[in-house]
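Tertiary structure, described
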Amino acid sequence: SSIPASEIEKRFRKELGYITPKVGVSASIFDEKGHQLLVRRTDDFSWCLPCGWAEVGETPEESLQREVVEETGLEVQVMNQIRLGSRMPGDFNLPHTTYHLQFHCVVTGGLIRESHETTDVGYYDVATISDWHLDHKIEADAAHNYWSRILNND
């Protein structure tokens, strides 16, 4: 930014105290059979779509591209938004209000690999998964519905 650091600090101090929701992003990536790319998390060993928190200085699409590479090794192009979800304080025993932007993504490069955040990465039939992270079953179901309505050309 071309804004002097002293001006940025002044603006941030003026905004202190106004708390806004955290923003999460998740990727719905499909193979030709409609199976979804899922990761098993290392923190609680549950399954989820590739996801993470949006970061300051990134668009939601840039945050999602970064998270997908970090967790799966794949590079993606972010396409259409599938879902906007929210969690309120107390949901899943969490303290924050959070918004979750779910996007359909298409793989453009990279190779599938695990990371320090994931123990398994691959395409799965979501009907076979039972140990979901928080509300990621809702996200997986929304993605499957999107694939069935929009992407499945059968």
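Read on for a plain summary of the structure. Here the structure is a predicted model, which is why all the values come from computation and not from measurement.

Quick word on the overall build of the protein
Of regular secondary structure, the protein possesses 3 helices and 7 strands. Overall, the protein shows an N-to-C arrangement of helices and strands of α-β-β-β-β-α-β-β-β-α. Across its three principal axes, the protein shows a C-alpha extent of roughly 55 × 35 × 30 Å. Evaluated residue by residue, the protein yields a buried proportion of 38% over its 154 residues. In the protein, of all internal contacts separated by at least 6 residues, the share reaching a separation of at least 24 is 69%.

Section: the sheet that holds strand E7 (residues 118-124)
Judged by pairing direction, the sheet is antiparallel, and its 3 strands sit side by side in the order E3-E2-E7 without closing on themselves. If you trace the sheet from one side to the other, it starts and ends with strand E3 (47-48) and E7, each paired once.

As for unusual backbone geometry
For residues besides glycine, phi is generally negative; the peptide bonds are generally trans as well. Located in the positive-phi region is Phe-92, a residue other than glycine, with phi close to 60°. When you line up the elements, Phe-92 lands in the loop between strand E5 (74-87) and strand E6 (98-110). A relative accessible area of 40% places Phe-92 in the partly exposed class. The residue Leu-134 is not glycine, and still its phi comes out positive at about 45°. Topologically, Leu-134 is positioned in the loop between E7 and helix H3 (136-151). On the accessibility criterion, Leu-134 (29% relative accessible area) is partly exposed.

Remarks on the environment of Gln-81
Along the polypeptide, Gln-81 turns up in strand E5. With a relative accessible area of 43%, Gln-81 lands in the partly exposed category. The contacts of Gln-81, once residues within four sequence positions are left out, are Leu-101, Gln-102 and Phe-103. Within the structure, Gln-81 has its side chain in polar contact with the backbone oxygen of Arg-83 (distance 3.4 Å).

Topic: the sheet that holds strand E4 (residues 51-53)
Pairing is mixed across the open sheet formed by 4 strands, whose spatial order is E4-E1-E6-E5. Bordering the open sheet on either side are E4 and E5, each of which pairs with just one other strand. The mean inter-strand angle of the sheet, taken between neighbouring strand axes irrespective of direction, is 25°. Here strand E1 (residues 22-28) runs beside E4; their pairing, made up of 3 bridges, is antiparallel. Bridging from a neighbouring strand, Val-25 pairs with Gly-52 of E4. Sheet strands touched by H3: E1, E4, E5 and E6. Its angle to E5, the strand with the most contacts, is close to 120°.

Quick notes on the rules
Residues numbered from 1 in each chain as written. Predicted model: local features only at pLDDT ≥ 70, side-chain atom pairs only at ≥ 80, totals over all residues. Heavy atoms only, no water. Helix = DSSP H or I, 4+ residues; strand = E, 2+ residues; numbered from the N terminus. Buried < 20%, exposed > 50% of the residue type's maximum accessible area, 1.4 Å probe, protein only. Contact = heavy atoms within 4.5 Å. Pairing = 2+ DSSP bridges. Polar contact = N/O pair within 3.5 Å; in protein donor to acceptor, adjacent residues only side chain to side chain. Axes fitted to C-alpha atoms, helices over the stretch in contact; angles between N-to-C directions.

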